[in-house]
Amino acid sequence: MKLLLVLFTFGTLAWAPVSAAQTTPAALPSPSTPPEEPVRLEAFTVTGSNIKGIGTERTLPVTVITADNITAAGINTMTELVETLSFSTNVSINETATGPNDARGDVSTINLRNLGAGRTLVLLNGRRMSAYGVTPGTPPVQFVNVNAIPLGAISQVEVLRDGASAIYGSDAIGGVVNTILKKNYSGFDVSARYAAASDGGSPRETSVSLSGGRGFNAGRTNVSLAYNFYHRDLLMAPERDYAGNADKRPLVGEPFNTNSNFNNLNSSSPYGRFTAVTDTGASVSVPGITATNGQFYYDPVTGARATGAGPTGFYNSQSGTQLLPTITRHNVFGTLDHKFTPALSLFGELSYYDSKSFGQFDTSPISLATDGVVIPKTNYYNPVGTRFQGSGTANPTGTARNVNIRNYRATEIGARSYDTDSDSYRLLAGLRGDVAGTTWNWEAAGMYMRGETFQVNHGYISQSRLQQQLALATPDAYNPFGPPGSSPESVWRNFVVDIWDRGIGSLGSFDARTSGEIFRLPGGAVSLALGGEYRREAMKQRNDPFGLANDVIAQSEQLDVDASRDVYAGFAEALVPLVGRENKVPLVKSLELRVAGRHERYKNFSATKPGAGLSWRPIEWLLLRGSYNEGFRAPAVIELFTPAIGRRNEGFVDPARPGQPDAASSVSKRVVTGGNRNLQPEESESYNFGFVVDVPAVKGLSVGMDVYRIKQFNQIDNSSAVNELNLDAQLWAAGGGGNPRVIRGTRTPADVAANIPGMLVEVLSTYQNLSLREIRGTDIFANYLTPRWSFGRFTFSGVVSYTDRLRSVNQQGTVTELVRNNGNPRTKATAGVSWSHRNWSASVFERYTSDYVAPIAYASAGRPFIIDEYRVTNASIGYTFRESALKSMRVRIGVNNVFDEPPPLYPPNSSGYHPSYADPRGRMPYVDVSYKF
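Note that this is a predicted model, so its numbers are computed, not measured.

Here the focus is the overall build of the protein. Of regular secondary structure, the protein possesses 10 helices and 43 strands. Against the compact-globule benchmark of 30 Å for 933 residues, the protein has a radius of gyration of 31 Å, which places it among compact chains. Each of the three principal axes of the protein carries a C-alpha extent, and together these read 110 × 75 × 55 Å. Of the roughly 37,800 Å² that the protein leaves accessible, carbon and sulfur atoms contribute 57%. Side chains of the protein give 87 positive and 82 negative charges; the mean places of these two sets differ by 3 Å.

Structural data, given as structure tokens:
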């Protein structure tokens with residue numbers, strides 16, 4: 001009924017504001033424009049539809065980015081391409097991550113409409129890719145690494161800015177990004193590019209692309225092959241002024257320079273902070289050495305021991321931290337096409353990706369809250385230990401004491417670093433053909449993709465081995481009480497370990513589809529597409545013994561995962577031309593309806609989702625369009641099957657036991673996280689309205705607009721331990737018993753007398769279907785291709801994405817407004833202009849991100865701290881040789897970030913910028929040379 005109501009609304013209220021319609025080019029410049037000549041149109045499949053045809057794209061809001069656009073804009077990696085998409089925001093999974101539980105190195109994903117990674121479907125030549133082997137985040141995110149796509153082999157990238165679960169199934173809530181690679185080569189191309197930071201330092205980048213193909217059997221067979229190489233140097237934080245010091249107060253004016261939250265300096269340094277404790281762990285005073293609460297420290301200025309808590313926030317961990325890792329990448333892609341007959345063809349694809357990355361960040365901190373390291377009284381250097389107890393010592397009359405490390409950093413062991421080795425391969429083979437004497441065509445293919453990631457992390461500390469070294473009563477004990485470097489390598493090497501994790505994501509599938517005309521209406525032929533798909537998705541993750549045993553300083557316990565699932569799907573789509581050339585009437589030149597539906601079945605749930613779109617051309621130069629789609633995201637394998645794990649957490653109270661020592665925020669509490677096999681799919685509803693105007697008075701000028709709204713329900717997340725405890729307290733206060741997700745011990749007589757529950761055992765914070773997210777916004781675009789004047793031809797293009805609403809609602813009904821808050825800018829935009837004349841071409845491209853507000857902790861004197869808007873301009877000029885021995889050679893010289901625009905200050909990040917939106921490389925001149933033969 002809802003679907004019928006939407007379709008009726010499209011048909012009767014078409015005068016209302018509506019959104020962008022047909023396929024539109026991206027706001028990226030093109031280096032040249034081919035001469036105008038008649039073109040024979042052939043049927044093809046556009047992203048967002050399974051029906052082949054001419055003009056079916058006019059019902060779809062699709063943005064197309066061509067290989068020429070990519071070259072002219074100075075883009076050299078898929079990561080950079082994602083940054084230019086105004087519809088993609090908050091890309092939290094990227095190559096800047098350093099933590100041992102992160103996906104690090106050569107990784108990037110796409111986040112259309114700010115719904116989160118994993119809610120944008122990423123396709124390669126119209127079919128899915130396997131998930132990356134490492135799943136970062138809480139809950140862990142399965143995502144496709146777009147850097148596995150060979151940039152140099154791209155024909156075009158199509159971005160469907162609309163929900164598409166009715167066509168593609170799970171994950172297409174925010175839209176679809178389909179990368180189409182080149183095939184059917186004839187000849188050979190080679191290109192090379194070198195770029196370097198204008199200040200003469202890092203990073204430097206080198207890339208090489210080779211591609212070629214040849215036809216055989218009188219043109220019936222074609223084999224094509226492409227190879228890409230990319231290398232970039234390590235970029236360290238001290239190489240950028242805004243990143244080298246974690247204290248950001250010198251970079252801001254009043255009143256923010258007095259806000260201590262801008263100081264990201266760390267309390268863990270080689271000058272430790274300690275507390276003397278009894279055998280039961282209670283703090284205790286040692287006269288002459290500690291304060292009355294047992295605390296003492298080593299002064300970072302003088303190195304001398306002093307009583308008291310000691311200074312906080314003085315150690316700069318940025319000195320050994322990267323901004324961008326070293327990356328060396330190889331991509332190979334090959335295709336085979338063979339025509340058995342004019343109506344039957346064999347096709348195949350082979351792709352291989354291999355990447356090696358290296359990065360580093362500062363030495364592991366040791367802190368009481370997360371590690372709980374105790375220096376025994378037997379330690380040879382413990383100033384309140386056995387060796388310094390008795391007559392003539394620092395502790396002549398007191399009792400020997402253990403010491404808790406409150407904050408310390410063993411800098412002599414060096415920085416932590418990682419080596420990440422990722423590789424994947426993808427094999428596809430299929431048949432396609434036409435049904436003789438009809439308009440019907442069919443296609444069937446099998447595909448298998450497997451990606452493996454192996455990460456080795458160097459310079460970590462085994463807590464058990466550290467404790468053994470600290471317990472020694474001989475000079476070869478580890479000494480955290482002296483100046484930096486007090487212990488030689490022969491000592492600290494005993495507890496420094498390498499840790500590793502290995503992840504494998506795989507996807508096998510078989511699909512079959514057919515489409516063609518079923519009958520004719522006065523408006524034209526009605527087309528139908530039918531098909532089915534089988535997928536097997538698998539994820540396997542392995543961790544080293546130290547991580548499995550929770551024996552690594554500054555790292556949470558790890559668990560292995562080995563799980564898979566089968567998915568079955570069936571789909572149908574119909575295109576109904578209600579009004580066409582044969583029966584057009586005034587104000588209805590064409591009217592076309594598209595309806596689709598898809599059913600996917602999993603072991604514990606299923607989903608059936610419809611979609612519909614209507615396009616209406618009242619006059620030749622105006623197209624109106626609208627759509628309604630329901631979408632879903634199936635719980636990821638990792639969200640379903642990750643084993644439950646309990647970890648100690650501090651910083652929150654147990655409100656059901658007020659005043660009890662065990663309820664205080666300083667007492668750690670066990671929180672259990674992990675998978676939930678009873679999870680249900682996330683679901684969504686989306687509306688899209690738009691128009692495109694081919695301006696009649698200006699040939700070559702078109703403008704358009706999309707207005708969209710997406711509601712996402714049952715978003716999967718960890719429940720908040722604080723919320724679970726608050727609910728438990730409310731239930732106890734109301735006399736209704738407790739929250740079953742809060743596990744408690746048996747009530748004591750004192751508990752019964754006080755009318756409070758028993759002591760907390762653990763809080764279950766496993767994944768659940770929890771929150772709602774809603775986004776509403778507008779995309780506006782304009783494109784203008786000028787006439788061919790005597791001095792050349794210009795192309796102008798621009799896209800603006802404006803977010804009107806972005807909010808989330810948790811299970812308690814609390815609404816959080818996210819737009820323009822904490823990393824969610826309201827506006828992203830891109831614009832480009834290109835010029836071509838004879839052998840010459842030039843282009844200028846700019847991307848823009850509007851300002852937004854930092855978290856409330858960075859407000860001062862009632863004023864919020866604003867993250868400034870960010871603009872980056874790329875420019876290039878090229879020359880193509882058309883004569884002499886250099887014929888077919890093209891040389892392009894360009895500069896990315898022409899004005900050397902630094903990232904706007906983002907104080908929550910110790911590196912000083914937001915890596916989802918800004919680029920730390922600075923001005924990057926480059927030379928690009930290509931040759932075709």
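Next comes the rest of the write-up.
The next subject is the environment of A753. Counting through the fold element by element, A753 comes out in helix α10 (residues 749–754). Relative accessible area serves as the criterion here: at 69%, A753 is assigned to the exposed category. Between the C-alpha atoms of A753 and E682, which are 71 residues apart in sequence, the distance is 45 Å.

In spatial order, the strands read β28-β29-β33-β32; together these four strands make up an open sheet with mixed pairing. Each of the sheet's edge strands pairs with one partner strand only, and the pair in question is β28 (645–649) and β32 (742–744). Strand after strand, the sheet turns through a mean of 25° between neighbouring axes, direction not considered. On top of the sheet, helix α9 (residues 721–733) reaches β29 (669–673), β32 and β33 (760–764); it is set at about 65° to β32, its chief contact.

Attention now moves to the pattern of salt bridges. If you walk through the whole model with that rule in mind, you get 50 salt bridges. R847 is paired through a salt bridge with E83; the nearest N and O atoms lie 3.4 Å apart. Note that R847 is positioned in strand β38 (residues 840–849) and E83 in helix α3 (residues 78–84), a separation of 764 residues in sequence. Judged on exposure class, the residue R847 and its partner E83 are both buried. Its salt-bridge partner being R535, residue E600 comes within 3.2 Å of it at the nearest N-O pair. Remark: R535 occurs in strand β23 (residues 524–543) and E600 occurs in strand β25 (residues 590–601); sequence separation between them is 65 residues. R535 matches E600 in its accessibility class, with the two residues each being buried. Within the structure, one salt-bridge network assembled from shared partners comprises R127, D337, R432, E443, D511 and R513.

Bringing the side chain of R426 into the picture now. Along the chain, R426 falls in strand β20 (residues 416–434). Here R426 falls in the buried class, since its relative accessible area comes to 2%. At 3.1 Å, the side chain of R426 and the backbone oxygen of L124 are in polar contact. Of the polar contacts made by the side chain of R426, one reaches the side chain of E349; its length is 3.0 Å. When neighbours within four sequence positions are excluded, R426 is seen to be in contact with L124, R127, R128, E349, L350, S351, M447, Y448 and M449.

All right, on to the pairing of strand β22 (residues 496–521) then. Direction of pairing for strand β21 (residues 441–461) relative to β22: antiparallel, over a ladder of 19 bridges. Each residue of the ladder has a partner; that of W442, found in β22, is T514. Two elements, β22 and β23, share 20 bridges in a ladder whose sense is antiparallel. Considered in β23, the bridge of S506 is made with A538. Counting the residues in the hairpin turn of β22 and β23 gives two residues.

Here the focus is the nonpolar core. Residues M129, I149 and I154 are the most contacted members of the largest nonpolar core, which totals 39 residues. If we ignore the near neighbours within four places in the chain, the residues touching I154 are A67, I70, M78, I149, T179, I180, L181 and K182. Counting residues in hydrophobic clusters, the runner-up holds 26 residues, among them V284, V384, Y408 and Y478.

Secondary-structure assignment places N263 in the loop between β10 (235–236) and β11 (273–277). What makes N263 buried here is its relative accessible area of 16%. Here N263 is in contact with A246, D247, R249 and G313, once residues within four sequence places are set aside.

We now examine a nonpolar patch on the surface. Together, L350, Y352, Y425, L427 and Y448 give the surface a local cluster of nonpolar side chains, amounting to about 440 Å² of exposed area. For the nonpolar patch, the elements supplying multiple residues, two or more each, are β16 (344–361) and β20. Structurally, L350 can be placed in strand β16.

Let us now look at the packing of aromatic side chains. The description of an aromatic ring pair uses the distance of the two centres, along with the angle that the planes make with each other. Under the defined criterion, the tally for this structure stands at 31 aromatic pairs. Their ring planes at 80° and their centres at 5.1 Å tell us that Y478 and F495 sit as a pair that is edge-to-face. With a gap of 17 residues between them, Y478 in the loop between α5 (463–470) and α6 (489–492) and F495 in the loop between α6 and β22 connect regions that are remote in the sequence. Assigned by exposure class, Y478 and F495 land together as buried. When the centroid spacing of 4.9 Å and the interplanar angle of 80° are considered together, the rings of Y879 and F881 count as edge-to-face. Classification of F881 as partly exposed rests on a relative accessible area of 24%. These aromatic residues form a ring-pair network of at least three members: Y784, W789, F791, F794 and F796.

What counts as what
Residues numbered from 1 in each chain as written. Predicted model: local features only at pLDDT ≥ 70, side-chain atom pairs only at ≥ 80, totals over all residues. Heavy atoms only, no water. Helix = DSSP H or I, 4+ residues; strand = E, 2+ residues; numbered from the N terminus. Rg over C-alpha atoms; globule rule 2.2 N^0.38 Å. Areas by Shrake-Rupley, 256 points an atom, 1.4 Å probe, with all protein chains shown as cover. Lys, Arg positive; Asp, Glu negative; His and termini not counted. Charge placed at Lys NZ, Arg CZ, Asp CG, Glu CD. Buried < 20%, exposed > 50% of the residue type's maximum accessible area, 1.4 Å probe, protein only. Pairing = 2+ DSSP bridges. Axes fitted to C-alpha atoms, helices over the stretch in contact; angles between N-to-C directions. Contact = heavy atoms within 4.5 Å. Salt bridge = Lys/Arg side-chain N within 4 Å of Asp/Glu carboxyl O. Polar contact = N/O pair within 3.5 Å; in protein donor to acceptor, adjacent residues only side chain to side chain. Core = buried A, V, L, I, M, F, W, Y, C linked by side-chain atoms within 4.5 Å. Patch = residues over 30% accessible without salt bridge, like charges linked within 9 Å, V, L, I, M, F, W, Y side chains within 5 Å. Phe/Tyr/Trp six-rings, centres within 6.5 Å; stacked < 30°, edge-to-face > 60°.

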